[in-house]
Every structure is written in C-alpha cells, then in structure tokens.
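Chain by chain, the residues run as shown.
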Amino acid sequence: MTSETGVLDDALARASSGDEAGFLELWRALQPRLLRFLRVVGCEDPDDVASETWLQVVRDLHRFSGGQEDFRRWLFTIGRHRAVDAARARSRRPAGAPNSGLDVLADTQMVEDQVLEGMSVQGAVALLSRLSRDQAEAVALRVIAGLDTPDVAKILGKSAGAVRVALHRGLKALADDPSVRELAARNASRPAPLGMGRLAGQRPAAGTTGPGGPGSAAGFWTLEEVD
Amino acid sequence: MISDLPGDIGPLDPAVDELFRTLTSEPTPAELAGEQSAVAMFRANITPPASPATAPIPTRRLAAQPKPSVTRLFRRSPGWGIRLAAAVVIVLAVAMASAAYTAALPQPVQLLAHQVLGFAGVPNPARSAHTGGGNRHPHGAPTSRNSGSSPGHAPPGHSAPGGTPSPHAHKSATPGTSPSPPPSAATGRAQLSASASSAEIPAGSEVVIDGQLTRSGAGVQGVTVQLVERLVGHRLWHLGGTGQTTADGNVAITVAAVPANAVFRLRVRGVAHSVNVLVTVIPPITATLTPGAGGLRDVLAVSTQYAHRGNVVQLEVQTGGSWTYLRAKRLNGAGKTTFVISGRRLANHKVRVVLLATARHGASISNTQTVPPPS
C-alpha cells in the first residue's frame, strides 16, 4: 500500500496503456481510501459507488493526462459525484424491507480485526462522519484522499479559504469529541499499526521517525509536516 | 500534509492524530476484496491508447467542423457526378428490363427486347398477341407480374402445363427461401417432433435429443435427420449430429458435453424441422468450509466450473428451517471465491452457496456445510 510518487506515476502510465498490473497497483493504493471517503460522506453502499467510480475512470482513462496527483483528484471527484448520484437515487426509491440483521453475521470486519487494529477503521470513519457534511468532506479529502487544500476546494466547489475554515472547525470539533479522546487513550497502550503509507504530497515531517516517532504515535500527522 | 490548516489550533491533538493515523492505516481484507472484479472490469472496459499513426487528432478537428451540407458534400466528392449518372442508368435499366419481361413496352421496342434478351425470357410481342386472340395475354398484362415469368424461370409457353404458371413457382425457384416439401411430399405433410432427455442437465454432461419423423401419422424409416444446435449468445446454428430414423420413424441423437444453455432442433433438409428444444445447464458448485482459529474467521471456499468470471454467488444460512441470504460475491476467472464468516456467531448453523442463473446457465446450489463451534 505504501506508494511513492514515482511508483504510482509508473503504475498510472502502465494502466493507461492497458496494463492490468499497473491498474491493480493503482486500485490497491486508492481503493481503500476511496471506500473510507465514501463512508465518511454517508454513502450507504460504498462498494457499489466505488465500483461505479472505477468503471468511469477506466472508460475515460485513455483521455486522462497528468500525474498521480491529478489522477487522485480526478478519482475522488468522480467518486464524490457518484456518491451524490447514489444518494439522489436512494431518496427516490421507497424504503426496502427491514434488515434482518443476519448480514452482520458474515461481516468481513471481524472481531479479530478490531482487536488487532485497536481503533477500527470503521470506528474512525464513524467519528469523522459525525462532523457536518462540509467539515467531514473537507477533512476526508484532505486526510484520507491526501489532496491539498486547493484541490479540495475545486472538488467541493468552494474557495480555498472556505475549505480552510471547514478544516479548522472540523479538527476542533474532533479534538473536542470525547469519543475521539477515549479511543485515543485506549489505543495508547497498544502498538501502533502500520500506516497505509504516504501518497505523493504526504511527506514525513523533518525530524519525525515514522511510527512512534516524535510528535505523534505515527509521526505522520503533525502540523510540522509540510505539503 | 496539513500545514495550511489554520495555525491557531497548534499541534494536532494527539487524539485527532490517532484518529487520522487510523483513517490511513493499512487496508483491511474487506477493502481489497473486490480486486478480481476490478481487474475484470478493467479488462472489459479499458480503451487501448491510440497508436501514433492513428492519433485521435482528426476526431477533434471533425468535431470542430461545421455540419456539412448536402451541396458541400457533393462539392467535396470529386466523383459524385459519375456516381449519380451510374445510379440513373441502373434505375433506367431495371425499369426497362421489368417492362420488357412483362411485355409492357411498345410492340417494336418489345420485339427488339425479345431479339436481344429472348434467351432470358423476354416474351415475343407477336406471339403474345397471337395467343391472346388480339387481347393482351395474362403474361403480358400488368396484373401478371407475379405469374412466374421471372428471370431464370422457363419462358411462357415452356413453363407449367397449360401455360399458367403457379403463383408460387417464382417463390419456390428462388434460392435461399425456406425449405418446402418436395413434390413427393405433397400427398402427406411430414412432421418431425423433438424433445430432450432432460430439460436441465449438469453443465458439461451429455443430452439426448429424441425425435420422430411421421407422414400422415405413420413413421418414416431410413431418413437422415440432422440435429442443429445453437448455444445461447450465438447467432448461428451448427450441426450437432445426424441419425437415421428407425422403422417407426424414431431417431435419437446424443450431444456430448453441453457447456452452456443451448437450443436444439431436428431437421430433415428440405422436408421438415422440429420445434426448438431448450436445454438448461446447471454448473456444479461446491462449498468447502475451513474453520479459523478460535472461530473468528472461518473461510468458505466456493468453486465451480462452467460459470464465468463475474457471475454472482450468494451465501445463505439456514435459520428456522428456511434459507436466508447473507451476502453475495462475484466469481473470479477461475470460477472461485471465498466468504469469510464468523464461526462464533454462525456456530452450528448450516450454510450453503447459490450460484445465480444467467443467460448461459441455470441456478445452482452447493452442498451444505455446518459451521463448527469454535474450538
């Protein structure tokens, strides 16, 4: 999952020329982030929406030009549009039969995963999705998608200043959320899990030593880190 | 990464930092579960880049062009005048030929046409007038255009006895029309029935198509019957086998290894054919349960043949005597997939997998597995 700029650029170039392995590399690097972003914005069926997103990406890949950062911005733009479409379609449909609850029996997010991972990804996504829509989208695009503020502003159709304000308020709300603190305290005694790796633009801060390094448990998310 | 966040909040709160670290943690298996489907989708939808020789630049140029008018098209195509003249000549020639064959031309012109094209059946106007007793003969009348005096057919006076060709003569002489009974069958219409030994068969197994050829209710012996088949998704029929009818007109033709839904038909060329018989194939599917340590992650491996990549299988659990849907996945290119289930929560429940029907095969149900209690 760890991706370097050159590696993903190379994968993008190979995928554009029809290479399956190149596409798979891109997909493995970005699909988890796309799914988490879709969950944060309240998408009820993120797998379906992600599939639709990749389908459109693949169909239009021959017209795409740019590097992996442009590709990431393009991917999340499409993903956000598909999520909006899915929400509209759902609002037009009558409510289905109530869930019997049996589907959770085969949930792939097993108890084992949650124990090993400490704070589960789903839990983190749930905490982030408590924010207002604007704040959640801004933080998710910034943190999960790894986009910079101008790109986030383009995707959301807002000014960069408005995005910064949303980020500021979102981070403050998260910091004030007792659930976030509770989970962080619970995880403090556990070894830090491996990170998903940095995307291009996510450079480690000077002086950080990776997971467990100074500044944070993972060493990735301090204000000292520079875009 | 987030340097352009407002700086008044100071260093990120450790709790938020932990939250973000989790949000960017390693992908879970569930998040990468659709890998095979993604590759299949890529393979099916990727548009290969245009080679330099066929770069799509002209497309944009064409799109930018104003919509061409008809006159501009003619102006641009240098040979349009020649093509137009050729079309006019062809139309006139066809019209003249039609008129000549129906003897609708003025007598001198008709005579000239007869002298030139008499070998091809253009009637002699003098003869027509003679046989018609001064009136126009039906062959020459405008209403007799379908009376059989067509190219390739015998000219009037040499065709059917009595000089009145059957209205169907032209049709039966036209190549490519549907087979009709030969003259010998006129006294009794031949009929050919067909049925499959089983409407549903395991995919890849054989099927026997039985039929009977009868005429006036009696079996016809010693006739070669063809079996033609068409797999679903294919347009063309192809020969699947032949057989000889027995004394009572029966015939049985075996088709080995039917891989997909197929339509069969028996026929005796030019005499009769049966109705279509549809045979549905059922791909065998097996489910194998491997308990995980502590019952946390039991793996149900699904394997099938004759199904295709992307076909959907759904996991079901038996509760209260009925089967309840849990979740669905798509098969990979090898016809396999796995479900990860909780042995703790599903302990002692029976599970199975159902392969959904497609146009190429019917639905199939796997064997049942009982989830063991965690050890």
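Before reading further, recall that the structure is shown in the block above.
What counts, and where the lines are drawn
Residues numbered from 1 in each chain as written. Chains lettered and ligands numbered in written order. Predicted model: local features only at pLDDT ≥ 70, side-chain atom pairs only at ≥ 80, totals over all residues. Heavy atoms only, no water. Helix = DSSP H or I, 4+ residues; strand = E, 2+ residues; numbered from the N terminus. Buried < 20%, exposed > 50% of the residue type's maximum accessible area, 1.4 Å probe, protein only. Contact = heavy atoms within 4.5 Å. Areas by Shrake-Rupley, 256 points an atom, 1.4 Å probe, with all protein chains shown as cover. Axes fitted to C-alpha atoms, helices over the stretch in contact; angles between N-to-C directions. Parallel < 35°, antiparallel > 145°, perpendicular 65-115°, else oblique. Left-handed = near helix turned anticlockwise from the far one by under 90°. Nonpolar A, V, L, I, M, F, W, Y, C, P; charged D, E, K, R; others polar. Core = buried A, V, L, I, M, F, W, Y, C linked by side-chain atoms within 4.5 Å. Pairing = 2+ DSSP bridges. Salt bridge = Lys/Arg side-chain N within 4 Å of Asp/Glu carboxyl O. Phe/Tyr/Trp six-rings, centres within 6.5 Å; stacked < 30°, edge-to-face > 60°. Lys NZ or Arg CZ within 6 Å of the ring centre and 35° of its normal. Polar contact = N/O pair within 3.5 Å; in protein donor to acceptor, adjacent residues only side chain to side chain. Patch = residues over 30% accessible without salt bridge, like charges linked within 9 Å, V, L, I, M, F, W, Y side chains within 5 Å. Lys, Arg positive; Asp, Glu negative; His and termini not counted. Charge placed at Lys NZ, Arg CZ, Asp CG, Glu CD.

**Here we look at the overall build of chain B**
- For chain B, the count of helices and strands is 8 helices and 18 strands.
- Out of the 375 residues in chain B, the part that is buried amounts to 38%.
- Taking the contacts inside chain B whose residues are at least 6 apart along the sequence as the reference set, 56% of them involve residues at least 24 apart.
- Accessible surface, chain B: about 20900 Å² in total, of which carbon and sulfur atoms supply 59%.

**Points about the packing of helix H2 (residues 20-40) of chain A against helix H3 (residues 46-60) of chain A**
Residue and element names in this part refer to chain A.
- The geometry of H2 relative to H3 is characterised by a closest axis approach of 10 Å and an angle of 135 degrees between their N-to-C directions. Between H2 and H3, the interaxial angle falls into the category oblique. As H2 packs across H3, the resulting crossing turns out to be right-handed. For the pair H2 and H3, the contacting residues are Phe23, Leu26, Trp27, Leu30, Gln31, Leu34, Leu35, Leu38 and Arg39 in the first and Pro46, Asp47, Val49, Ala50, Thr53, Trp54 and Val58 in the second.
- Tallied by class, residues from the contact of H2 with H3 come to 12 nonpolar, 2 polar and 2 charged.

**Things to note about the nonpolar core**
- Ranked by internal contacts, the top residues of the largest apolar core, which has 69 residues, are Phe23, Trp54, Phe71, Phe76, Leu128 and Leu141 of chain A together with Phe20 of chain B.
- Per-element tally for this core: the top contributor is H2 of chain A, with 11 residues.

**Quick look at the pairing of strand S3 (residues 207-215) of chain B**
Residues and elements named next belong to chain B.
- Across 7 bridges, strand S1 (residues 190-196) lies against S3 in antiparallel orientation. By the bridge assignment, Gln191 is partnered in S3 with Thr214.
- Note: S3 against strand S7 (residues 250-255), 6 bridges, orientation antiparallel. Residue pairing in the sheet places Val207 in a bridge with Val255 of S7.
- For S3 and strand S4 (residues 218-219), the ladder comprises 2 bridges, and the chain directions are antiparallel. Paired with Thr214 across the two strands is Gly219, which belongs to S4.
- From the end of S3 to the start of S4, which pair antiparallel, there are 2 residues, and Ser216 there has a positive phi angle of about 55 degrees.

**Observations regarding the pattern of salt bridges**
Residue and element names in this part refer to chain A.
- The full count for this structure, using the stated rule, is 17 salt bridges over all chains.
- Of the charged contacts, one joins Arg63 and Asp60 as a salt bridge, the two residues approaching to 3.1 Å between their closest N and O atoms.
- By relative accessible area, Arg63 is classed as exposed at 61%.
- As a salt-bridge pair, Glu137 and Arg80 come within 2.8 Å of each other at their nearest N and O atoms. One end of the pair, Glu137, is in helix H7 (residues 133-144); the other, Arg80, is in helix H4 (residues 68-92), with 57 residues separating them in the sequence.
- Here Arg80 falls in the buried class, since its relative accessible area comes to 17%.
- A cluster of three or more residues bridged by salt bridges with shared partners is formed by Asp10, Arg14, Asp19 and Glu25.

**With respect to the pairing of strand S14 (residues 322-330) of chain B**
Residue and element names in this part refer to chain B.
- Sheet analysis places strand S13 (residues 312-319) next to S14, joined by 8 bridges and oriented antiparallel. Note that in S14 the partner of Gln318 across the bridge is Trp323.
- Linking S13 to S14, which pair antiparallel, is a turn of 2 residues; within it Gly320 sits at a positive phi near 60 degrees.

**Focus on the packing of aromatic side chains**
- Scanning the entire structure with this criterion turns up 7 aromatic pairs over all chains.
- Ring geometry for Phe23 of chain A and Trp54 of chain A: centres 5.6 Å apart, planes at 90 degrees, overall edge-to-face. In this pair, Phe23 of chain A sits in helix H2 while Trp54 of chain A sits in helix H3, placing the two residues 31 residues apart along the sequence. Each member of the pair, Phe23 of chain A as well as Trp54 of chain A, is classed as buried.
- Ring centres of Trp54 of chain A and Phe71 of chain A lie 6.3 Å apart, and the angle between their planes is 40 degrees; this geometry places the pair in the tilted category. Note that Trp54 of chain A is positioned in helix H3 and Phe71 of chain A in helix H4, a separation of 17 residues in sequence. Grouping residues by exposure puts Trp54 of chain A and Phe71 of chain A together as buried.
- One aromatic cluster is present, formed by Phe23, Trp54, Phe64, Phe71 and Trp74 of chain A together with Phe42 of chain B through successive ring pairs.
- Positioned over the ring face of Trp237 of chain B is Arg230 of chain B, at 5.2 Å from the centre of the ring.
- Lying across the ring of Trp237 of chain B, Arg265 of chain B places its NZ or CZ 4.9 Å from the centre.

**Here we look at helix H1 (residues 14-23) of chain B**
- The buried fraction of H1 of chain B is high, at 9 of 10 residues.
- Regarding H1 of chain B, the residues found buried are Ala15, Val16, Asp17, Glu18, Leu19, Phe20, Arg21, Thr22 and Leu23 of chain B.

**Quick notes on the sheet that holds strand S12 (residues 298-304) of chain B**
Residue and element names in this part refer to chain B.
- Spatially, 3 strands are ordered S11-S12-S15 in an open sheet, and the strand pairing comes out antiparallel. Because the sheet does not close on itself, it has two edges, and the strands there are strand S11 (285-290) and strand S15 (336-341). Between one strand axis and the next, the sheet turns by 20 degrees as a mean value, whatever way the strands run.
- In terms of strand pairing, S11 meets S12 through 6 bridges, oriented antiparallel. By the bridge assignment for S12, Thr290 is matched with Val299.

**Focus on the side chain of Asn45 of chain B**
- The topology assignment puts Asn45 of chain B in helix H2 (residues 35-45).
- Reaching out from Asn45 of chain B, the side chain makes a polar contact with the side chain of Arg59 of chain A at a distance of 3.4 Å.
- At 2.8 Å, the side chain of Asn45 of chain B forms a polar contact with the backbone oxygen of Met41 of chain B.

**Comments concerning a negative patch on the surface**
All names here are of chain A.
- A cluster of like negative charges, contributed by Asp45, Asp47, Asp48 and Glu52, occupies part of the molecular surface.
- Residue position: Asp45 is located in the loop between H2 and H3.
- Here Asp45 falls in the partly exposed class, since its relative accessible area comes to 36%.

**Quick look at a nonpolar patch on the surface**
- A cluster of nonpolar side chains, namely Leu84, Val88 and Leu92 of chain B, defines an oily patch on the protein surface of about 280 Å² accessible area.
- By the element assignment, Leu92 of chain B lies in helix H5 (residues 80-101).

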